[in-house]
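These are the residues of each chain, in order.
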Amino acid sequence: MQHANAHSIVPLNVPHSRSHDGRFGRLFGRGFTTWSPPGATDAEKTQAIRTFAIDEMFTDDEPADSLTPVGYTYLGQFIDHDITFDPQSSLTKHNDPDGLQNFRSPRFDLDSLYGRGPDDQPYLYDHTRVLHDGYAGFLKVGRGESPKEHDVQRNDEGIALIGDPRNDENRIVSQLQLAFVLAHNSTLQKLADAADPAVQSGHDLFVEAQRITVWFYQYVVWNDFVSRIVAPSVFAEAISFDEDAGDGDGPFYTVTYGLKDVYDWSENPFMPVEFSTAAYRFGHSMIRAEYQINFPLQGGVGTQFGKPIFSTPGVTQPSVPVPGPPDLRGGSPLPDRHSLQWDWFFDFPSSGGPFPQMAHKIDTHLSKSVFTIPGGPTPNPLAELNIRRGWRMELPPATEVAHALHIRPIEGLDPMEESLWVYILKEASEQADGEHLGAVGSTIVAAVFSGLLRGDAFSYLNRDPHWTPAKETVGGAPLFEKISTVDGKWEITDLIKASGLPIDGGAVNTLFA
């Protein structure tokens, strides 16, 4: 692999993971040094991180908006929860990633939705709404404080009963989880309505609905999400199609994965800590101070106030009171009248005026809404937690990573900017005006995403690389309605449409009527 600004004399040294069971691993291990903040003692290093995070990464001014709708920030969080889960790591001690178990399968398989399936985790499935032979293939849906509003299912204590508890961290990601649940259920119902019960069992119908939903998700992950967050040249390099390959007796196209020298694995995909601990945390800089939720709750389109993800007395509060809880943290039933109006979060045909709300640019400035993360001291800056985690995980300096990727590194870095996470934010700001990742960030993220799709024998790119949701029909009619305005490309908006959740103000008003 070569980039236009490459140093060709620098060898690319990216060892394979030694693990075969879905564990974490390193892209840059042997021969690389480890980044450390300035200071002679751990206490001095910890203080250097805290000072830099507070003084340099948080300002009184709200960070600038990007051209990316805010929903993609939380789609990115949902995707992260589908492929990584590390309950064993700690910010207070050094961790060997080769000894960390990734409790999420490193594949885009929606195991955060389906868990281990109806047989192993029956509580995720609806046993009152079943298929013709009694098979429980529909995912269970709950109700919020208002019986008119859908929510993820919960127990009597309000705890979400879902495949990944982190998808109830905040209201936006939990309602994305709900959208996928309802999209699966809608797909399964359409298949069941058209099926011949003598031919297809309930299990077979469930498996087919799951396959379609997962492929729709995978398609959106690569073609809608990744295409937005990485540099266009890197995206084109990561996966390409040669339509002229072969002849009449051979394949009519080939699929080329162009970043295999960056992320490769011997048997099963592994989760690189450079990705999970640094490169993929770019979304933290995209978080807004407040989010407007829906037309009825806000009291009109012209209002420019909302709720933060997390509020802390004396640190972050809603600029103008909005009915219900002070913030959007999860962990309890959906508050009354808090169903998201989706055309305020993604670009639907019905979006207009100040909507959809836009995510902040990818840069080294974070919103005060993440200045104090719940469960810690006040303040508890997310920037400090991320930098400290990269140090404790012994990630290499950013300059070494850039050289290893044959990419010319940014010059004149502050020692703290050698933190790989900080560098990737700075690089995005300088090279892409914060609209997408820069060279190093794009390469790591695109390599891992394309590598995970390549490593899944059941992914749509392996089974049917030219698949799109338009290929799915039932009873001779299209299974899905395409509403996104981009020619030839389906987006997350189309999947939300398939879920049946309210999209515009009229639909939300009808829901509350």
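The structure displayed is predicted, hence computed values, not measured ones.

K.L.:
Looking at this structure, how should I read the overall build of the protein chain?
P.N.:
Secondary structure assignment for the protein chain yields 15 helices and 10 strands. For the protein chain, with 513 residues in total, the buried portion stands at 58%. Here the contacts in the protein chain between residues at least 6 apart in sequence split such that 71% fall between residues at least 24 apart. Taken as a whole, the protein chain presents about 20,000 Å² of accessible surface, with 51% of it coming from carbon and sulfur.

K.L.:
Would you explain the nonpolar core in this entry?
P.N.:
M57, F225 and F449 are the most contacted members of the largest nonpolar core, which has 147 residues in total. If you tally residues by element for this core, the top one is helix α5 (residues 202-229), at 15 residues. Apart from residues lying up to four places away in sequence, F225 is in contact with Y72, L75, G76, I79, V220, Y280, F282 and F449.

K.L.:
How should the packing of aromatic side chains be read in this particular structure?
P.N.:
Two descriptors summarise a pair of aromatic rings, namely the distance from one centre to the other and the angle between the planes of the rings. Inspection of every chain in the model, using the stated rule, returns 29 aromatic pairs. Taken together, a centroid distance of 5.2 Å and an interplanar angle of 25° make the contact between F108 and F449 stacked. Placement of F108 in the loop between α2 (71-83) and α3 (111-114) and of F449 in helix α12 (residues 439-455) is noted, with a sequence separation of 341 residues between them. Exposure remark for F449: the relative accessible area of 0% places this residue in the buried category. Taking the centre distance of 6.1 Å and the plane angle of 45° together, the rings of Y135 and F206 count as tilted. Of this pair, Y135 sits in the loop between α3 and β3 (141-143) while F206 sits in helix α5; the two residues are 71 residues apart in sequence, bridging distant segments of the chain. Residue classification places F206 among the buried residues on the basis of a relative accessible area of 4%. K368 extends its terminal NZ or CZ atom over the ring of F371, reaching a point 5.4 Å from the ring centre. For R392, the ring lying beneath its charged end belongs to W391, and the centroid distance is 3.9 Å.

K.L.:
Please clarify how the confidence of the model for the protein chain should be interpreted in this entry.
P.N.:
Interpretation of this model should avoid reading the predicted coordinates in detail wherever pLDDT is low. The share of residues in the protein chain with pLDDT of 70 or more is 89%, and the mean pLDDT across the chain is 89. This model gives residues 1-22 a pLDDT under 50, and the stretch forms 63 contacts once residues within four places in sequence are excluded.

K.L.:
Would you explain the packing of α5 against α12 in this entry?
P.N.:
Think of two packed helices as two axes; the pair is described by the angle between the axes and how far apart they sit. Contact geometry of α5 with α12 gives a least axis separation of 11 Å together with a crossing angle of 170°. With respect to α12, the element α5 is oriented roughly antiparallel. Along its contact with α5, which presents Q218, V221, W222, F225, V226 and I229, the element α12 presents V445, A446, F449, S450 and L453. Among the residues making up the contact of α5 with α12, the classes are represented as 9 nonpolar, 2 polar and no charged.

K.L.:
How do you make sense of the pattern of salt bridges when you look at a structure like this?
P.N.:
When the charged atoms of two side chains with opposite charge come close together, those side chains can pair. Summed over the entire model, instances satisfying the criterion amount to 17 salt bridges. Taking the shortest distance from any N to any O, the salt bridge between R154 and D151 comes out at 2.7 Å. With respect to burial, R154 and D151 carry one shared label: buried. Its salt-bridge partner being R454, residue D264 comes within 3.8 Å of it at the nearest N-O pair. Of this pair, D264 sits in the loop between β6 (254-257) and β7 (271-272) while R454 sits in helix α12, and the two are 190 residues apart along the sequence.

K.L.:
Explanation requested: helix α4 (residues 171-194) in the structure shown.
P.N.:
For an α-helix, 3.6 residues make a turn, and residues three or four places apart therefore share a direction. The end-to-end C-alpha separation of α4 is 35 Å, in line with the 34 Å expected for 24 residues at 1.5 Å each. Of all 24 residues making up α4, 18 are buried, and the element is well covered by its neighbours. Looking at where α4 begins, the residue whose side-chain oxygen comes 3.1 Å from the main-chain nitrogen of I172 is N170.

K.L.:
Please clarify how α12 should be interpreted in this entry.
P.N.:
The first and last C-alpha atoms of α12 sit 24 Å apart over 17 residues, in line with the 24 Å expected at 1.5 Å per residue. Where burial is concerned, most of α12 is hidden: 17 out of the 17 residues are buried.

K.L.:
Help me understand the packing of α5 against helix α14 (residues 492-499) in this model?
P.N.:
Taken N-terminus to C-terminus, the directions of α5 and α14 make an angle of 150°; their axes are 9 Å apart at the nearest point. One way to sum up the angle between α5 and α14 is to call them roughly antiparallel. Across from F216, Y217, V220 and D224 in α5, the residues of α14 making contact are I492, D494 and L495. Residue classes in the contact of α5 with α14 are distributed as 5 nonpolar, no polar and 2 charged.

K.L.:
What is the right way to read the environment of I407 from this model?
P.N.:
Relative to the elements of secondary structure, I407 occurs in the loop between α10 (398-404) and α11 (420-432). Between the C-alpha atoms of I407 and V440, which are 33 residues apart in sequence, the distance is 7.1 Å.

K.L.:
How should I be thinking about unusual backbone geometry in this particular structure?
P.N.:
Keep in mind that most residues, glycine aside, have a negative phi and that most peptide bonds are trans. Of note, the bond from F355 into P356 is cis; its omega dihedral lies within 30 degrees of zero at 5°. Look at the link from T378 to P379: it is a cis peptide, with omega at 0°. Secondary-structure assignment places P379 in the loop between β8 (358-360) and α9 (382-392). A positive phi is found at R337, a non-glycine position, where the angle reads about 65°. Within the element layout of this structure, R337 appears in the loop between α8 (295-298) and β8. For R337, a relative accessible area of 31% gives the class partly exposed.

K.L.:
For this particular structure, what's the right way to read the side chain of N167?
P.N.:
Considering the arrangement of structural elements, one finds N167 in the loop between β4 (150-152) and α4. Side-chain polar atoms of N167 contact the side chain of Q177, separated by 2.7 Å. Not counting chain neighbours up to four residues away, the residues in contact with N167 comprise F78, H81, S112, I162, V173, S174 and Q177.

Thresholds applied
Residues numbered from 1 in each chain as written. Predicted model: local features only at pLDDT ≥ 70, side-chain atom pairs only at ≥ 80, totals over all residues. Heavy atoms only, no water. Helix = DSSP H or I, 4+ residues; strand = E, 2+ residues; numbered from the N terminus. Buried < 20%, exposed > 50% of the residue type's maximum accessible area, 1.4 Å probe, protein only. Contact = heavy atoms within 4.5 Å. Areas by Shrake-Rupley, 256 points an atom, 1.4 Å probe, with all protein chains shown as cover. Core = buried A, V, L, I, M, F, W, Y, C linked by side-chain atoms within 4.5 Å. Phe/Tyr/Trp six-rings, centres within 6.5 Å; stacked < 30°, edge-to-face > 60°. Lys NZ or Arg CZ within 6 Å of the ring centre and 35° of its normal. pLDDT = per-residue confidence, 0-100. Axes fitted to C-alpha atoms, helices over the stretch in contact; angles between N-to-C directions. Parallel < 35°, antiparallel > 145°, perpendicular 65-115°, else oblique. Nonpolar A, V, L, I, M, F, W, Y, C, P; charged D, E, K, R; others polar. Salt bridge = Lys/Arg side-chain N within 4 Å of Asp/Glu carboxyl O. Expected span 1.5 Å × (residues − 1). Polar contact = N/O pair within 3.5 Å; in protein donor to acceptor, adjacent residues only side chain to side chain.

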